[in-house]
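Inside the fold
Take a look at the letters that make up each chain.
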Amino acid sequence: MASKTRDIHSFITEEDLGNGQTSFRIDRLLRDPEYLFETLHYTLVTRQHLTEYDIVCGIGTMGGVIASTISTQYSIPLTLIRHAHITTNSTRSVLYELDGYHHSVEVEHDSIKEGGRILIVDDVLTSGEVLVAAISLVNTFNPSHVDCLCFLEQKSLRGRDKLKSKHPTVGVYVCATV
């Protein structure tokens, strides 16, 4: 794959890495859909059997874009985990705290089948708070299996450690780390 595509770090500029923060711009990746798909495919296929998922859940706008790529390419149903008050039907929701503020994520109550195998997708794994909330949310559907995929992980924020401490049975996969 590396010979066909650019390294993920070519999408991150010096200004993105200022002040110890990574404000990675996923929209740069969307301009190269072949790279996006090849990277996702390589990460998932080398670690998982995609046909075993019953649904792909994208978190927010950018996680939803990545999840829709997976959903389309592998014919797996898609749903979105959104921030509260964005969905229109009755929902299930989970509260979480981030930067001293309370937030919530929600999903339409009938979008995930009880006992299913779920892949949760987000663009960047930072502190892990949103993913922990998303996992807690899908756990209300009593899934048989949950995995998470993030395109990029900012290791210094230790989000993976938080995920593993709160949800130790969940698989966490990333395409690249910074």
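Preceding this paragraph is the structure being described.
A quick note: this is a predicted structure, and the numbers were derived from the prediction, not measured.

Observations regarding the side chain of Asp122
- Among the structural elements, Asp122 can be located in strand S5 (residues 117-125).
- Of the side chains with opposite charge, Arg82 comes closest to the buried, unpaired Asp122, at an N-O distance of 10 Å.

Some details on the nonpolar core
- Residues Cys57, Ile81, Ile112, Ile118, Ile120, Leu131 and Val138 are the most contacted members of the largest nonpolar core, which totals 28 residues.
- Every element with two or more residues in this core is listed here: strand S1 (55-59), strand S3 (91-98), strand S4 (101-108), S5, helix H4 (129-139), strand S6 (145-153) and strand S7 (171-177).
- It is H4 that provides the largest number of residues to this core, a total of eight residues.
- Not counting chain neighbours up to four residues away, the residues in contact with Val138 comprise Cys57, Ile81, Ile112, Ile118, Ile120, Pro143 and Val146.
- Among the nonpolar cores identified, the runner-up in size contains 14 residues, and Leu36, Ile66, Ile70 and Leu119 belong to it.

Some words on the pairing of S5
- The buried fraction of S5 amounts to nine of the nine residues, a majority that puts the element mostly inside the structure.
- When S1 meets S5, the two strands line up parallel, connected through four bridges. Pairing of Gly58 across the sheet is with Val121, part of S5.
- Sheet topology note: the S5/S6 ladder contains eight bridges and is parallel. Bridge pairing in S6 links Asp122 to Cys150.
- Taking the sense of rotation as the criterion, the β-α-β connection linking S5, H4 and S6 turns out right-handed.

Observations concerning the side chain of Ser111
- Within the secondary structure layout, Ser111 lies in the loop between S4 and S5.
- For Ser111, the side chain forms a polar contact with the side chain of Thr79, separated by 3.3 Å.
- Among the polar contacts made by the side chain of Ser111, one reaches the main-chain carbonyl oxygen of Glu108 at a distance of 2.7 Å.

Quick word on the pattern of salt bridges
- Tallied over the full model, the rule gives four salt bridges.
- Residue Glu52 pairs with Arg117 through a salt bridge whose shortest N-O separation is 3.2 Å. Here Glu52, found in the loop between helix H2 (33-45) and S1, pairs with Arg117, found in strand S5; they are 65 residues apart in sequence, far enough to count as distant.
- According to the relative accessible area criterion, Glu52 is partly exposed, its value standing at 36%.
- Of the charged contacts, one joins Glu153 and Arg160 as a salt bridge, the two residues approaching to 2.9 Å between their closest N and O atoms.
- Taking relative accessible area as the criterion, Glu153 reaches 3% and is therefore assigned buried.

Concerning helix H3 (residues 60-74)
- Given a rise of 1.5 Å per residue, 15 residues ought to cover 21 Å, and the 20 Å separating the end C-alpha atoms of H3 matches this to within 8%.
- For H3, the complete set of buried residues consists of Gly60, Gly63, Gly64, Ile66, Ala67, Thr69, Ile70 and Ser71.
- Count one or two residues on from H3 and you reach Ser75, which has phi positive near 55 degrees.

Some details on the layout of surface pockets
- Within this model, the largest pocket holds a volume of roughly 360 Å³.
- Leu98, Asp122, Val124, Thr126 and Val130 are, among the 19 residues lining the largest pocket, the residues nearest its centre.
- Looking at the lining of the largest pocket, the elements that each hand over two or more residues are H3, S3, S5 and H4.

Quick word on unusual backbone geometry
- Here the phi dihedral of Ser75 falls at roughly 55 degrees; this positive angle occurs in a residue that is not glycine.
- One can find Ser75 in the loop between H3 and strand S2 (78-83).
- Phi at Arg158 takes a positive value of approximately 60 degrees, unusual for a residue other than glycine.
- Relative to the helices and strands, Arg158 resides in the loop between S6 and helix H5 (159-166).

Rules used in this analysis
- Residues numbered from 1 in each chain as written.
- Predicted model: local features only at pLDDT ≥ 70, side-chain atom pairs only at ≥ 80, totals over all residues.
- Heavy atoms only, no water.
- Helix = DSSP H or I, 4+ residues; strand = E, 2+ residues; numbered from the N terminus.
- Buried < 20%, exposed > 50% of the residue type's maximum accessible area, 1.4 Å probe, protein only.
- Lys, Arg positive; Asp, Glu negative; His and termini not counted.
- Salt bridge = Lys/Arg side-chain N within 4 Å of Asp/Glu carboxyl O.
- Core = buried A, V, L, I, M, F, W, Y, C linked by side-chain atoms within 4.5 Å.
- Contact = heavy atoms within 4.5 Å.
- Pairing = 2+ DSSP bridges.
- Right-handed = clockwise from strand over helix to strand, strands pointing away.
- Polar contact = N/O pair within 3.5 Å; in protein donor to acceptor, adjacent residues only side chain to side chain.
- Expected span 1.5 Å × (residues − 1).
- 1 Å grid on protein atoms, 1.4 Å probe; cavity = no way out; pocket = protein on both sides within 12 Å on 5 of 7 lines; lining within 4 Å.
- Points joined across faces, edges and corners; volume = space filled by probe spheres on them.

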